[in-house]
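Read off the chains here:
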Amino acid sequence: MRLRQGYDVVVVGGGTAGAIAGIAAARTGARTLLVEQYGSLGGVLALGMSMKGVHDGAGRAALGGIGQELIERARAMEGATAVSAHPRHGSVMGQDPEALKLCLMEMVRTSGLQVLLHSFLVDALADTGHVQAVRLANKAGLEIVPARCFVDCTGDADLAATAGARFVFGREGDAKVQPVSAIFRVGGVELERTWAYLEAHPEDFETPPGYIGDEYSVAAFRSKPGVGVAGFRGLIRKARAAGDYTIPREDMGFNPLPGRREVTINITRVHGIDATDPDELTRAEIEGQRQILEGVRFLRQYVPGFEHCYVVSSPFQIGVRETRRIQGAYVLTREDVLAGRDFPDQVARGAYPLDIHDVGQGGAAAAGQVAGGGTDLSRLERSYGIPARCLVAQGVDNLLAAGRALSATHEAAGSARGQPVCMATGHAAGVMAALAALHSVAPARLDVAALQAELRRQGAVLERN
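Residues numbered from 1 in each chain as written. Predicted model: local features only at pLDDT ≥ 70, side-chain atom pairs only at ≥ 80, totals over all residues. Heavy atoms only, no water.

Across its full length, the chain holds twelve helices and 23 strands. For a compact globule of 465 residues, the expected C-alpha radius of gyration is about 23 Å, and the chain comes in at 21 Å, within 12% of that figure. Judged by the C-alpha coordinates and their principal axes, the chain covers about 65 × 45 × 45 Å. A sequence separation of at least 24 residues applies to 73% of the contacts in the chain between residues at least 6 apart. On the chain, the mean spot of the 48 positive side-chain charges and the mean spot of the 51 negative ones are 2 Å from each other. (Helix = DSSP H or I, 4+ residues; strand = E, 2+ residues; numbered from the N terminus. Rg over C-alpha atoms; globule rule 2.2 N^0.38 Å. Contact = heavy atoms within 4.5 Å. Lys, Arg positive; Asp, Glu negative; His and termini not counted. Charge placed at Lys NZ, Arg CZ, Asp CG, Glu CD.)

Along the polypeptide, Ala 99 turns up in helix H3 (residues 97–111). Given the relative accessible area of 4%, Ala 99 is considered buried. With residues near it in sequence (within four places) discarded, Ala 99 still touches Met 77 and Gly 79. (Buried < 20%, exposed > 50% of the residue type's maximum accessible area, 1.4 Å probe, protein only.)

Together, Met 1, Val 122 and Leu 142 make up a nonpolar patch on the protein surface, roughly 290 Å² of accessible area in all. You can see Leu 142 is positioned in strand E10 (residues 141–146). (Patch = residues over 30% accessible without salt bridge, like charges linked within 9 Å, V, L, I, M, F, W, Y side chains within 5 Å. Areas by Shrake-Rupley, 256 points an atom, 1.4 Å probe, with all protein chains shown as cover. Salt bridge = Lys/Arg side-chain N within 4 Å of Asp/Glu carboxyl O.)

So, on to the sheet that holds E10. Spatial ordering of the open sheet is given by E1-E10-E9-E8, a layout of four strands whose pairing is mixed. The open sheet has two free edges, formed respectively by strand E1 (2–3) and strand E8 (120–127), since each of these has just one partner strand. Sheet topology places strand E9 (residues 130–138) next to E10; six bridges connect them, and they run antiparallel. For Ala 137, the partnering residue across the bridge sits in E10 and is Leu 142. (Pairing = 2+ DSSP bridges.)

If you trace the five strands from one edge of the open sheet to the other, you get E7-E3-E2-E11-E23, paired in parallel fashion. Two strands in the sheet have a free side with no partner beyond their single neighbour: strand E7 (114–116) and strand E23 (399–401). Going from strand to strand, the sheet's axes swing by 20 degrees on average, the running direction of each strand aside. Pairing of strand E2 (residues 9–12) with strand E3 (residues 32–35), which is carried by four bridges, proceeds in the parallel orientation. Counted as the bridge partner of Val 10 is Leu 33 from E3. Where helix H1 (residues 16–27) meets the sheet, its contacts fall on E2, E3 and strand E11 (149–152), and the angle it forms with E3 comes to roughly 170 degrees. (Axes fitted to C-alpha atoms, helices over the stretch in contact; angles between N-to-C directions.)

This part takes up helix H7 (residues 233–241). Three or more residues of H7 are buried, namely Arg 233, Gly 234, Leu 235, Ile 236 and Ala 239. Residues of H7 that are buried make contact with helix H5 (191–200), strand E14 (229–231), strand E15 (252–256) and helix H8 (278–302).

Quick look at the pairing of strand E16 (residues 263–266) now. Residues of E16 alternate between two faces, with Val 263 and Ile 265 on one and Thr 264 and Asn 266 on the opposite face, all of them buried. In this structure, strand E13 (residues 184–187) lies alongside E16, joined through three bridges in antiparallel fashion. Bridge pairing in E16 links Phe 184 to Ile 265. The sheet contact formed by E15 and E16 spans four bridges and is antiparallel. Note on E16: the bridge partner recorded for Pro 256 is Val 263.

All right, on to the packing of H1 against helix H11 (residues 419–438) then. Where H1 contacts H11, the axes come no closer than 7 Å and their chain directions differ by 35 degrees. Crossing of H1 over H11 shows right-handed handedness. Contacts between H1 and H11 involve Thr 16, Ala 17, Ile 20, Ala 21, Ala 24 and Ala 25 on the former and, on the latter, Gln 419, Cys 422, Met 423, Gly 426, His 427, Gly 430, Val 431 and Ala 434. Tallied by class, residues from the contact of H1 with H11 come to nine nonpolar, five polar and no charged. (Left-handed = near helix turned anticlockwise from the far one by under 90°. Nonpolar A, V, L, I, M, F, W, Y, C, P; charged D, E, K, R; others polar.)

Here the structure, examined in full by the defined rule, presents seven aromatic pairs. Both rings, one in Tyr 38 and one in Phe 316, keep their centres 5.2 Å apart while their planes meet at 75 degrees; by these two values the pair is edge-to-face. Pair noted here: Tyr 38 is in the loop between E3 and strand E4 (51–52) and Phe 316 is in the loop between strand E17 (310–313) and strand E18 (324–326), with a separation of 278 residues, a long-range link. When its relative accessible area of 38% is taken as the criterion, Phe 316 is described as partly exposed. Taken together, Trp 195, Phe 232, Phe 254 and Phe 306 form an aromatic cluster joined through their ring pairs. Arg 324 extends its terminal NZ or CZ atom over the ring of Phe 167, reaching a point 5.6 Å from the ring centre. (Phe/Tyr/Trp six-rings, centres within 6.5 Å; stacked < 30°, edge-to-face > 60°. Lys NZ or Arg CZ within 6 Å of the ring centre and 35° of its normal.)

Below is the structure:
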């Protein structure tokens, strides 16, 4: 078994939160290793979904620092649009997933961060609430990597769970989780025909139930670059009635990018998946890919402008919305999110909508609908603060978590899992881990004022300015 030494901080998981956390820790001066199971970084950034919540609904920035730097680098190579106000999501920004992925790797390369790709977490070597090292598996076999502080950015709180930290799973009371989805991209789309159809068929572009905001119209949407659109409920009902559509979702979302015929499609949905169980995760991957094929057939047969579309890319893995979350000294709540609440120890902000997909359980669906097919979405006019206490795992004194595994309720996690929020919490966790390691102090005992000063120095947005 190989021993890999010399690190102050180890970040496990190089996705949307983890890659930013690794860069942040390295830039703060810590000798940092980022461990990632795939051959590229960024995680769900590579799926092509538009970014919601870079700004809040009132147009004020909620993301700064390293995440904003990544966006600006991608924008310089026409890989990201301007941020537009959005009547349902608050704000939206189109992005080219390949541009973001490559810009992120360039930022890693110049940050001093060391990266270990194609490596999996096996377990943590922990004693009396303190992680000594992580055990990894890769082409060389098993490796032991000691460090002074660790950041769990696995999404599923894998490191926290194996280290003995306190965590919860899924929804309070019944442990049900939001469904998983396979986001994919298609090319060969004639969007002008799609927009024209939606203008002529308002039943397929109906205002979502309970919507409050700006004008919800095709004209408003098509004028904004990279805007995300959800609709086509009428076509889906028609296809379902004809036996051509079996996916348990009532609408379809698509994200265009200006000047291109490629569109990101959000239409698949698989319920009842525990993504920490390898057999269930395998089942989800297989079903997700089956639904991609069905989704493409539906697009070609029913949606104007998509008659000749073809798959440009399918996801590197199924998209998981919810599994484990750590228990921190503070648990972010739905009320915190909707009120835009601030905290004395806030280290990041969130403005991604409160996005809660039906877990697929409960009473019968309404006529023409499918049980588990709906989504509750609440636009956030005011961004909310995220306390440092939400990133510190209880039960282990040198472990932090960022991304969708932070300390939050089932509902609040529906916002905190958004891409810009993951980047912001990743930035915060990386700086916290570096300062804790460099000053030989547990993350929970960091001087909050000094921590916030360092984050501000790195451009992070902590206040709603």
